[in-house]
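Understanding the architecture of this molecule
What follows is the residue order along each chain.
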Amino acid sequence: MDRLWNEIIGIGAAVYDTLMVVDRFPAEDTKLEGRETRVQGGGPCATALVAAQKLGCNTAYMGTMGDDLFGQFLRNDFLRWGVDTRFVTLVPGAISFHSVVLLNQRTSSRTCIWNRGTVPPPDAALLDAEALAHAKVLHLDGHMLDAALCAARLCRQSGAKVSYDAGGTYPGVERLLPLVDWLIPSEEFALKITGADSAQSAAQRLYKTYRPELIAITQGARGGLLLDEKGLRRYDSFPVEAKDTNGCGDTFHGAFIAGMLQGMDAGTACEYASAAAAIKCTRLGAREGMPTDEECRAFLHSRGRRIFHG
């Protein structure tokens with residue numbers, strides 16, 4: 001029987017999140033009753049994979065987790081949403097990445113306290129090169145850097161696209177930038193790593209220095225900037241009444257990749273991803289709140305926009 005291959009493989013952070021909804025953030029040395037609690041999977045790369053899976057892509061996570069309660073939950077949560085876990089290695093005795101997220105229901109702002117745990121990163125030499133060679137997209141978030149670099153080089157050789165959620169300026173991530181096709185940095189990352197005084201200048205510097213296929217700088221509720229061979233232009237966000245912004249950026253990344261794999265051009269994929277992120281923003285839960293492809297298209301249609309498959 002032929003081996004089944006995944007369209008998208010992700011290497012990066014997978015985080016066990018405890019989300020607690022509160023009326024206000026607590027003062028130091030006080031007690032505060034929470035309004036609602038959710039236990040969920042998180043992490044930029046991992047959550048983007050769930051978003052893409054819910055939008056119709058075939059995804060897999062490649063990395064390491066502890067065999068603790070956190071790691072077992074993360075693996076089962078991937079399976080719940082259909083993300084392939086055959087490339088996950090459980091490390092005996094290790095503590096998995098975990099966090100506590102407080103969500104202020106009055107302002108929809110969030111505060112995160114995280115613990116990296118004790119899980120060692122995956123050994124680059126033990127990555128499944130055959131699976132990477134058959135992937136269409138490798139999605140990275142700057143974590144597990146040595147494995148990410150190795151996988152990116154392999155995917156460059158096979159012709160797979162390398163997508164990078166550049167959210168944080170972690171040590172050494174500049175080594176990854178020359179290997180990236182779809183560079184999607186936060187505005188904060190773009191300004192910090194280039195030293196530019198505007199997002200427009202940062203986009204131009206990144207494009208000139210690293211020559212990705214495209215750069216899409218995310219600016220939250222303001223939408224963002226897209227730069228590719230067609231030039232620099234803005235893409236819009238969609239105003240909604242926010243309930244939970246946790247996971248919105250990850251949803252954007254997963255939806256952008258899904259849109260590109262559906263045959264959309266970069267501008268249309270940004271619009272599709274913005275719609276997905278907006279829908280997610282109106283719902284509680286980083287993964288439960290992510291929309292389907294039908295919901296994204298209905299959302300856009302209700303706003304006078306239609307997106308067709310390529």
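Residues numbered from 1 in each chain as written. Predicted model: local features only at pLDDT ≥ 70, side-chain atom pairs only at ≥ 80, totals over all residues. Heavy atoms only, no water.

Per the secondary structure count, the protein chain includes nine helices and 13 strands. For the protein chain, whose C-alpha radius of gyration is 19 Å, the value lies close to the compact-globule estimate of 19 Å for 310 residues. When the backbone C-alpha atoms are referred to their principal axes, the protein chain occupies close to 55 × 45 × 45 Å. Within the protein chain, buried positions represent 55% of all 310 residues. Long-range contacts, defined as pairs at least 24 residues apart, comprise 65% of the intrachain contacts of the protein chain with a sequence gap of at least 6. One way to put it: in the protein chain the 33 positive side-chain charges average out to a point 4 Å from where the 36 negative ones average out. (Helix = DSSP H or I, 4+ residues; strand = E, 2+ residues; numbered from the N terminus. Rg over C-alpha atoms; globule rule 2.2 N^0.38 Å. Buried < 20%, exposed > 50% of the residue type's maximum accessible area, 1.4 Å probe, protein only. Contact = heavy atoms within 4.5 Å. Lys, Arg positive; Asp, Glu negative; His and termini not counted. Charge placed at Lys NZ, Arg CZ, Asp CG, Glu CD.)

All right, on to the sheet that holds strand β6 (residues 98-104) then. Spatial strand order, β3-β2-β6-β7: four strands in an open sheet with mixed pairing. With partners counted over all chains shown, the strands left at the sheet margins are β3 (36-42) and β7 (110-115), one partner each. Going across the sheet, the axis of each strand differs from the next one's by a mean of 20°, ignoring polarity. Where β6 meets β7, six bridges bridge the pair, whose relative direction is antiparallel. Along β7, the bridge assignment pairs Leu103 with Arg110. Here helix α2 (residues 69-81) sits on the sheet in contact with β2 (15-22), β3 and β6, set at roughly 75° to β3. (Pairing = 2+ DSSP bridges. Axes fitted to C-alpha atoms, helices over the stretch in contact; angles between N-to-C directions.)

Close approach of charged atoms allows side chains of opposite charge to pair. The tally for this structure, following the rule as stated, stands at 17 salt bridges. One salt bridge in this structure joins Arg35 and Asp23, with 2.7 Å as the shortest N-O distance. Here Asp23 lies in the loop between β2 and β3 and Arg35 lies in the loop between β2 and β3, a separation of twelve residues in the sequence. Residue classification places Arg35 among the partly exposed residues on the basis of a relative accessible area of 49%. When the shortest N-O distance is used, the salt bridge between Arg175 and Asp146 registers 3.8 Å. Of this pair, Arg175 sits in the loop between β9 (161-166) and β10 (182-185) while Asp146 sits in helix α4 (residues 145-158), and the two are 29 residues apart along the sequence. Within the structure, one salt-bridge network assembled from shared partners comprises Glu36, Arg38, Asp77, Arg80, Arg287 and Glu288. (Salt bridge = Lys/Arg side-chain N within 4 Å of Asp/Glu carboxyl O.)

Here α2 spans 19 Å end to end across 13 residues, near enough to the 18 Å set by a 1.5 Å rise per residue. The elements touched by buried residues of α2 are β2, β3, α1 (44-54), β4 (59-66) and β5 (84-91). Gly82 sits one or two positions beyond α2 and adopts a positive phi of about 95°. (Expected span 1.5 Å × (residues − 1).)

Turning to the side chain of His253, a few remarks are in order. Looking at the element boundaries, His253 is found in helix α7 (residues 248-261). A relative accessible area of 4% places His253 in the buried class. Excluding residues within four positions of it along the chain, His253 makes contact with Ala48, His139, Asp165 and Ile184.

The next point concerns the packing of helix α8 (residues 266-281) against helix α9 (residues 293-302). Running from amino to carboxyl end, α8 crosses α9 at an angle of 100°, the nearest separation of the two axes being 9 Å. Put simply, α8 runs roughly perpendicular to α9. From α8, Glu271, Tyr272, Ala275, Ala276, Ala278 and Ile279 reach across to α9, where they touch Asp293, Glu295, Cys296, Phe299 and Leu300. Grouping the amino acids of the contact of α8 with α9 by side-chain chemistry returns eight nonpolar, no polar and three charged. (Parallel < 35°, antiparallel > 145°, perpendicular 65-115°, else oblique. Nonpolar A, V, L, I, M, F, W, Y, C, P; charged D, E, K, R; others polar.)

Right, let's get into the packing of aromatic side chains. The full count for this structure, using the stated rule, is eight aromatic pairs. Judged by centre distance (4.6 Å) and plane angle (40°), the rings of Tyr16 and Phe70 are tilted. Here Tyr16, found in strand β2, pairs with Phe70, found in helix α2; they are 54 residues apart in sequence, far enough to count as distant. Owing to a relative accessible area of 11%, Tyr16 belongs among the buried residues under this scheme. Geometrically, the ring pair formed by Phe238 and Phe299 is edge-to-face, given 5.4 Å between the ring centres and 90° between the ring planes. Of this pair, Phe238 sits in the loop between β13 (231-235) and α7 while Phe299 sits in helix α9, and the two are 61 residues apart along the sequence. Chaining the aromatic ring pairs together yields one cluster made of Tyr16, Phe70 and Phe73. Looking at Arg303, its charged tip hangs above the ring of Phe299, at a distance of 3.6 Å from the centre. (Phe/Tyr/Trp six-rings, centres within 6.5 Å; stacked < 30°, edge-to-face > 60°. Lys NZ or Arg CZ within 6 Å of the ring centre and 35° of its normal.)

Right, let's get into unusual backbone geometry. Backbone geometry at Ser108 places phi at a positive 65°, although glycine is not the residue there. Relative to the assigned elements, Ser108 resides in the loop between β6 and β7. A positive phi angle, near 55°, is found at Arg211, a position not held by glycine.

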